[in-house]
Amino acid sequence: MSEHSTDLREIVRHRYAEAAVSVTTGGTACCGPEPVEVDENFGSTLYATAERDALPAAAVAASLGCGNPTAVAELRTGERVLDLGSGGGIDVLLSARRVGPTGKAYGLDMTDEMLALALANAEKAGATNVEFLKGTIEAVPLPADTIDVVISNCVINLSTDKPAVFAETFRVLRPGGRIGVSDVVADDALAPAQRAERGDYAGCIAGALSFAEYRQGLEAAGFTDVEITPTHAVADGMHSAIVRATKPR
């Protein structure tokens, strides 16, 4: 990893560690174009009220994403789900409820503070079919061909090595497995420098792929049936989008 990439990862880690501490101590924080600023395009308001009400308050407060991947992934009873960049655990806990006691939901995060918050939230929720793992989304600590569904909520854009993320996602999925991801995606006309003008890297904007780049990255990793559907604008020419794709059988 280059020095620049390492620096960016540490900036991201620090931002989300601060967010976890803020939630734990009673504050709020969210991913958005500006650092630690509440924005209606990000966070818990993107979940149904019934979903929020069924979870610990700290899990809801720590929701920093740009969508609701547990809904778009169409999770089914008995499935094994992996959430890349699980943060405070909201999507893992919602996934665990959807897959039921015969299924399992894994959360992967690199930030100690977020993992501690997620574990506390899982205990409060009484969730027994969840497991949180420390690691990066570029090197998933799970065996190949073991996961039915990979979800992620506004995290892949934060990676400095997206080809590695797509390759690892493909590796851990079983044949026929799928992804259901919410992420920030840029218009194809926006160059990387123009994306950076609209928001910083840790704020989920500067590191976003374009629609074409996202599709090309997934297909290069081996995915088929790639669908990228914008849902709402998060900045000029930048969109929250639902990303779906399948690992061939």
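Everything below is about the structure printed above this text.
Residues numbered from 1 in each chain as written. Predicted model: local features only at pLDDT ≥ 70, side-chain atom pairs only at ≥ 80, totals over all residues. Heavy atoms only, no water.

Undergrad: How should the packing of helix 7 (residues 162-172) against helix 9 (residues 211-221) be read in this particular structure?
TA: Helix packing for two helices is described by the angle between their axes and how far apart those axes are. Remark: helix 7 packs on helix 9, axes separated minimally by 9 Å, with the N-to-C direction vectors making an angle of 45 degrees. With respect to helix 9, the axis of helix 7 lies oblique. Pair helix 7 / helix 9 crosses with right-handed handedness. Here helix 7 contributes Phe-166, Ala-167 and Phe-170 to the contact with helix 9, which in turn contributes Tyr-214, Gly-217, Leu-218 and Ala-221. (Axes fitted to C-alpha atoms, helices over the stretch in contact; angles between N-to-C directions. Helix = DSSP H or I, 4+ residues; strand = E, 2+ residues; numbered from the N terminus. Parallel < 35°, antiparallel > 145°, perpendicular 65-115°, else oblique. Left-handed = near helix turned anticlockwise from the far one by under 90°. Contact = heavy atoms within 4.5 Å.)

Undergrad: Got a minute to help me understand the environment of His-239 in this structure?
TA: For His-239, the position within the fold is in strand 8 (residues 238-246). Sequence-wise, His-239 and Thr-229 are 10 residues apart; in three dimensions their C-alpha atoms are separated by 9.3 Å. Within polar-contact distance, the side chain of His-239 engages the side chain of Asp-187 at 2.8 Å. (Polar contact = N/O pair within 3.5 Å; in protein donor to acceptor, adjacent residues only side chain to side chain.)

Undergrad: Sorry, what's going on with the environment of Pro-163 here?
TA: Here Pro-163 shows up in helix 7. For the pair Pro-163 and Gln-216, spaced 53 residues apart in sequence, the C-alpha to C-alpha distance is 9.9 Å.

Undergrad: Could you clarify how one ought to interpret the side chain of Ser-159 in this entry?
TA: For Ser-159, the location among the structural elements is in the loop between strand 4 (147-153) and helix 7. A relative accessible area of 3% means that Ser-159 is categorised as buried. Here the side chain of Ser-159 touches Asp-161 through a polar contact of 3.0 Å, landing on its backbone nitrogen. Excluding residues within four positions of it along the chain, Ser-159 makes contact with Ile-137, Glu-138, Val-165 and Tyr-201. (Buried < 20%, exposed > 50% of the residue type's maximum accessible area, 1.4 Å probe, protein only.)

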